[in-house]
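Residue-level listing of the chains:
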Amino acid sequence: MLAVVGATGRTGSLVAEVAVARGLDVLLVGRDEVVLAALGRRLGRPWVAATVDGDALPRALERADVVVNVAGPFDATAEPVLKAAIASRTSYLDLSNDLAPVLAVLRADGALTAAGISATPAVGFGTVATDGLARLLTERIPDGVRLRLGMAIGSDGGSRGVAASAREVVRAGARRLEAGVLERAPLGRGAYRAPDNGPLLVPVGLADLAITPLTTGIHSVAVGVAMPLPRPAARLVLPAVAAAAKRLPALPPSRPRPRPRQGDREPVSRAWAELTVADGTTAWASLRTGDGFRFSAEAAVAAAERVLAGDAEPGSGTASGRWGSAFLAALPDVRIETSPGLR
């Protein structure tokens, strides 16, 4: 059985819908009994009301083989849900794209191994996309020394958890991994252009800084988010944005729009990876897909199916590290391009 924690949220309900459509036995977990009951009736699946830090969650997870944590912000939920998973010996997945909670999950390797279960954090957009592209490049070019990654999520709405996580990332400023050392700088410092004349990417402290070194063995990594700004403006404007974010209250989530009608534009999400080798030459790979929330749901269910099938060793790991770049390539509505000459 697959338990979905945070099942009544925007992404959680998508994960549950995809899992049910794939024929999985699903347990819906959340805080709101009324909304859970309605979702359970619609999907024909059982539900349990539980908070992430209460006694009910470990008992609920005893019924499941795998749990996917979709309840953001992950700074507040990753560790308690992981603790409940370890107590109930339930393998753990999450959709975090935040550095600190992903590091906490990866550092639990010993406890996970002792419990005989696996944990694979960051199985949504954009880490599966960016890290999957990085894995594709290093599978083909084994002597790379540096990676620059980037993402631009497109969607037909937002969610409260994603909005809260994004605000915390902006507050933290620029981050990059240089020879295994996490370096900090004002937001906007070190911005770079995405490959193949793509948008400006502003480095931030996302999960790739922990995930990608494990997946690829490369310890100089930057990951940026697309910003519609020229490079000089990024260095001037974005530090002020980060300072303002520290004082602003949480923004309400945007409401999902109805599904686009025929002729309307579908959301487009993008991801990029650029690999530099010791002699200074580079190669790149890019990805185009649709709505980023839908991608996350499809990726989470695909990862859950792998774990349910026994295709995940006990301990902590990454999706692309466990299953290679083929995991990304097999997801629905994914189109990958590579630099000329790269096979």
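Residues numbered from 1 in each chain as written. Predicted model: local features only at pLDDT ≥ 70, side-chain atom pairs only at ≥ 80, totals over all residues. Heavy atoms only, no water.

## A word on empty space enclosed by the protein
Here's step 1: Summed over all chains, the structure comprises one cavity of 30 Å³ or more.
Here's step 2: What lines the largest cavity is simply Pro121, Ala122, Thr127, Val128, Asp131, Ile211, Ala319 and Ser320.
Here's step 3: When contributions to the lining of the largest cavity are tallied by element, the ones reaching two or more residues are α7 (127-140) and α12 (319-323).
Here's step 4: Per element, the largest residue contribution to the lining of the largest cavity is three residues, and it comes from α7.
Here's step 5: Grouping the constituent residues of the lining of the largest cavity by class yields five nonpolar, two polar and one charged. (1 Å grid on protein atoms, 1.4 Å probe; cavity = no way out; pocket = protein on both sides within 12 Å on 5 of 7 lines; lining within 4 Å. Points joined across faces, edges and corners; volume = space filled by probe spheres on them. Helix = DSSP H or I, 4+ residues; strand = E, 2+ residues; numbered from the N terminus. Nonpolar A, V, L, I, M, F, W, Y, C, P; charged D, E, K, R; others polar.)

## Focus on the packing of aromatic side chains
Here's step 1: With the rule as written, the count across this model stands at two aromatic pairs.
Here's step 2: When the centroid spacing of 5.2 Å and the interplanar angle of 40° are considered together, the rings of tryptophan 323 and phenylalanine 327 count as tilted. Across this residue pair, the class does not change: tryptophan 323 and phenylalanine 327 are buried.
Here's step 3: If you follow arginine 10 out to its NZ or CZ, it ends over the ring of phenylalanine 293, 4.3 Å from the centre. (Phe/Tyr/Trp six-rings, centres within 6.5 Å; stacked < 30°, edge-to-face > 60°. Buried < 20%, exposed > 50% of the residue type's maximum accessible area, 1.4 Å probe, protein only. Lys NZ or Arg CZ within 6 Å of the ring centre and 35° of its normal.)

## Some details on the sheet that holds strand β15 (residues 315-316)
Here's step 1: With parallel pairing, seven strands are arranged side by side in an open sheet as β3-β2-β1-β4-β5-β6-β15. Strands at the two margins of the open sheet, each flanked by one partner only, are β3 (47-49) and β15.
Here's step 2: Pairing of strand β4 (residues 66-69) with strand β5 (residues 91-94) involves four bridges; the strand directions are parallel. Each residue of the ladder has a partner; that of valine 67, found in β5, is tyrosine 92. (Pairing = 2+ DSSP bridges.)

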